[in-house]
Amino acid sequence: MQDFLKNFSLEGKVAWVTGASYGLGLAYATAFAQSGAKIVFNDINQELVDKGMAEYKKLGIEAYGAVCDVTDEDMVKEFVSDVEKKVGTIDILVNNAGIIKRIPMTEMTLEEWNQVINVDLTGPFICSKAVLPAMIKKGSGKIINACSMMSEFGRETVSAYAAAKGGLKMLTRNICSEYGQYNIQCNAIGPGYIATPQTAPLREKQPDGSMHPFDRFIRSKTPAQRWGKTEDLMGLAVFLASPASDFINGQVVYIDGGITAYIGQDPSNLDPSKLED
Ligand code: NAP
Ligand code: GCO
């Protein structure tokens, strides 16, 4: 029987994770490196790139990092060209970079709306368009998009983010539809609520030391009764980046502790003393 586990290896692959100086992007890139891939990442400014490089060095990972704003097509084209010259053809792209603005829609300015749409939806379009020609030429490629609970559900104050993440689900399906014939798979990771800087405001303790109401709410909606950790997502990222998932295409794989399967319970039923951080 073929050594099945080799299907999960990323040996010899070049993986580009956008916005990967910290948070989920750092976790994905770390998992890819530990699975044999060469790591390439970008972030919005040199300070963050330097921060990321230091993190990767601490982890024993030799990464290529450079400043690149995923909403700037010229910067993205130059970044990809430099990577192809200095590292190699990009085999795996994770469209991870993202922002959120939590503002009631009636108070959100058009500029704020466009900022979120540009990073979270147009950025993945720009980056995917930049790597697809070489993937087509090579006859293989993996694109993994960062979808969200908000690809399926709405909630107060996140109209632009939900619209972007919903659109990103359909962009995932369309890249699958248009480029699957070239042995290119485009899928999405759909994290639940994960403890990263992006969600830190939703977990801050109240002035009296009690749980943030949203923290209690999310735990009451999650069978696991905890927030996800970035480590929880590493296995799925490697799976979707590896040959083991070559016949999976156009899918959003939710990794959410059970939120999407559960109606939830009364938040007042939760015993804070028994909740895992
Ligand atoms: P994060 O902590 O906010 O990190 C996002 C990274 O993207 C940061 O390094 C950020 O840099 C960078 N970035 C922002 N705009 C950029 C741009 N224009 N060009 C290049 N890089 C840019 O987010 P996260 O929690 O790790 O989440 C990563 C992705 O997963 C996001 O797309 C998010 O929407 C998605 N997601 C997160 C969760 C969650 O619960 N955490 C759940 C579902 C989906 P700055 O520091 O300058 O912003
Ligand atoms: C929010 C959160 C969520 C998470 C994630 C959930 O304000 O509701 O930031 O949007 O980031 O997208 O999957």
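On a predicted model such as this, the values are computed, not experimentally measured, just so you know.

About the thresholds
Residue positions are counted from 1 within each chain, in the order its sequence is given. For this description, chains carry letters from A and ligands carry numbers from 1, given in the order in which they are written. Local features in a predicted model are, by the rule used here, given only for residues with pLDDT of at least 70; side-chain atom pairs are given and counted only at 80 or more, and totals for whole chains, interfaces and linings are based on all residues. To obtain the side-chain values, all non-hydrogen atoms of the structure were included, while hydrogens and water were left out. Strands were regarded as paired on the criterion that DSSP finds at least two bridges between them. Helix and strand assignments follow DSSP, with helices taken as H or I runs no shorter than four residues and strands as E runs no shorter than two, numbered in order from the N terminus. To define axes, lines are fitted to C-alpha atoms, for helices over the stretch in contact only, and angles between the resulting N-to-C directions are given on a 0 to 180 degree scale. We call two residues contacting when some pair of their heavy atoms lies within 4.5 Å. Stacked, tilted and edge-to-face are the three classes assigned to paired rings of Phe, Tyr and Trp, where Trp is represented by its six-membered ring and a pair needs centres within 6.5 Å; plane angles under 30 degrees give stacked, over 60 edge-to-face, the rest tilted. Summary of the burial criterion: residues with accessible area below 20% of their type's maximum are buried, those above 50% are exposed, and those between are partly exposed, where the area comes from a 1.4 Å probe applied to protein chains only. By definition here, charges over rings are those cases where NZ of Lys or CZ of Arg is within 6 Å of the ring centre and within 35 degrees of the ring normal. The handedness rule is simple: strands pointing away from the viewer, and a clockwise path from the first strand over the helix to the second, make the crossover right-handed.

Chemist: In this structure, what is going on with the sheet that holds strand β4 (residues 92-95)? I would like to understand it.
Modeler: Where strands meet in a sheet, backbone hydrogen bonds hold them as pairs that are either parallel or antiparallel. Spatial ordering of the open sheet is given by β3-β2-β1-β4-β5-β6-β7, a layout of 7 strands whose pairing is parallel. Unpaired on one side and paired on the other, β3 (63-67) and β7 (252-255) mark the two borders of the sheet. Strand-to-strand twist across the sheet, computed as the mean angle between neighbouring axes with direction ignored, equals 20 degrees. Taken together, the 4 bridges between β4 and strand β5 (residues 141-146) define a ladder with parallel strand orientation. Of the residues in β5, the one forming a bridge with Leu93 is Ile143. Packed onto the sheet, helix α2 (residues 46-58) meets β2 (38-43) and β3 and runs at close to 170 degrees relative to β3.

Chemist: Can you help me understand the packing of aromatic side chains in this one?
Modeler: Aromatic ring pairs are reported here in terms of the distance separating the ring centres and the angle at which the planes meet. Taken as a whole, this structure holds 9 aromatic pairs when the rule is applied. Judged by centre distance (5.4 Å) and plane angle (80 degrees), the ring pair of Phe4 and Phe8 falls under edge-to-face. Accessibility expressed as a relative area gives 46% for Phe4, which makes it partly exposed. A relative accessible area of 28% places Phe8 in the partly exposed class. A centroid spacing of 5.7 Å and a plane angle of 90 degrees characterise the contact between Tyr193 and Trp227, whose relative ring orientation is edge-to-face. Highlighted residues: Tyr193 in the loop between β6 (184-191) and α6 (213-221) and Trp227 in the loop between α6 and α7 (234-241), separated in sequence by 34 residues. Note on accessibility: Tyr193 and Trp227 belong to one class, buried. Feature note: the residues Tyr193, Phe214, Phe217 and Trp227 constitute an aromatic cluster, connected by ring pairs. One Lys or Arg, Arg203, reaches over the ring of Trp227 and ends 5.3 Å from the middle of that ring.

Chemist: Got a minute to help me understand the environment of Val67 in this structure?
Modeler: As for its position among the elements, Val67 is in strand β3. Relative accessible area serves as the criterion here: at 31%, Val67 is assigned to the partly exposed category. In contact with Val67, other than residues within four places in its own chain, are Asp43, Ile44, Asn45, Gln46, Val49 and Met75.

Chemist: Would you take a moment to explain the pairing of β2 for this structure?
Modeler: A regular strand places its side chains on the two faces of the sheet in alternate fashion. For β2, the buried fraction is high: 5 of the 6 residues fall into the buried class. By the bridge criterion, 5 bridges tie strand β1 (residues 14-18) to β2 in an arrangement that is parallel. In the sheet register, Val14 faces β2, and the bridge partner there is Lys38. Between the parallel elements β1 and β2, the chain passes through helix α1 (residues 23-34) in a crossover that is right-handed. Strand direction decides the pairing type here: β2 and β3, joined by 5 bridges, are parallel. Bridge pairing in β3 places Ile39 opposite Ala63.

Nothing here speaks to function; it is geometry throughout.
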